[in-house]
Amino acid sequence: GFVPGLFGTSHGALQFMAYEDLKERYNKYRNRLSDTKLNTVEYIMMAAVSKIFAVAATYPYQVVRARLQDQHNAYSGVFDVIRRTWR
């Protein structure tokens with residue numbers, strides 16, 4: 001559906017938000033200006049951590065969406081999927 005599809009777009013937004021926040025906090029920790037360029041390893045680390053955060057935050061949604069789309073099981077709604085998955 002439309003609403004679950006919109007919720008799925010939050011993955012990129014969460015990753016970008018986390019990336020920018022991590023970068024700013026890291027530069028502050030290193031006593032640098034917030035817009036200081038990072039080196040390659042620092043960029044990779046910020047990208048990896050922000051991706052892990054975004055995946056951890058949105059993966060449960062992906063499970064619920066996939067189960068709702070499953071034609072072999074009949075669910076009465078989102079809460080039924082969550083309850084049965086939790087069990």
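Residues numbered from 1 in each chain as written. Predicted model: local features only at pLDDT ≥ 70, side-chain atom pairs only at ≥ 80, totals over all residues. Heavy atoms only, no water.

1. Things to note about helix 2 (residues 10-29)
Between its terminal C-alpha atoms helix 2 stretches 28 Å, which fits the 28 Å expected from 20 residues at 1.5 Å a residue. Residues of helix 2 that are buried include every one of His11, Ala18, Tyr19, Lys23 and Asn27, and no others. Each buried residue of helix 2 sits inside an arc of 155° when the element is viewed along its axis, so together they form one side. Opposite the buried face of helix 2, at more than 90 degrees from it, the exposed residues are Arg25 and Lys28. Just downstream of helix 2 lies asparagine 31, where phi reads positive at about 55°. (Helix = DSSP H or I, 4+ residues; strand = E, 2+ residues; numbered from the N terminus. Expected span 1.5 Å × (residues − 1). Buried < 20%, exposed > 50% of the residue type's maximum accessible area, 1.4 Å probe, protein only. Arc of directions from axis to C-beta.)

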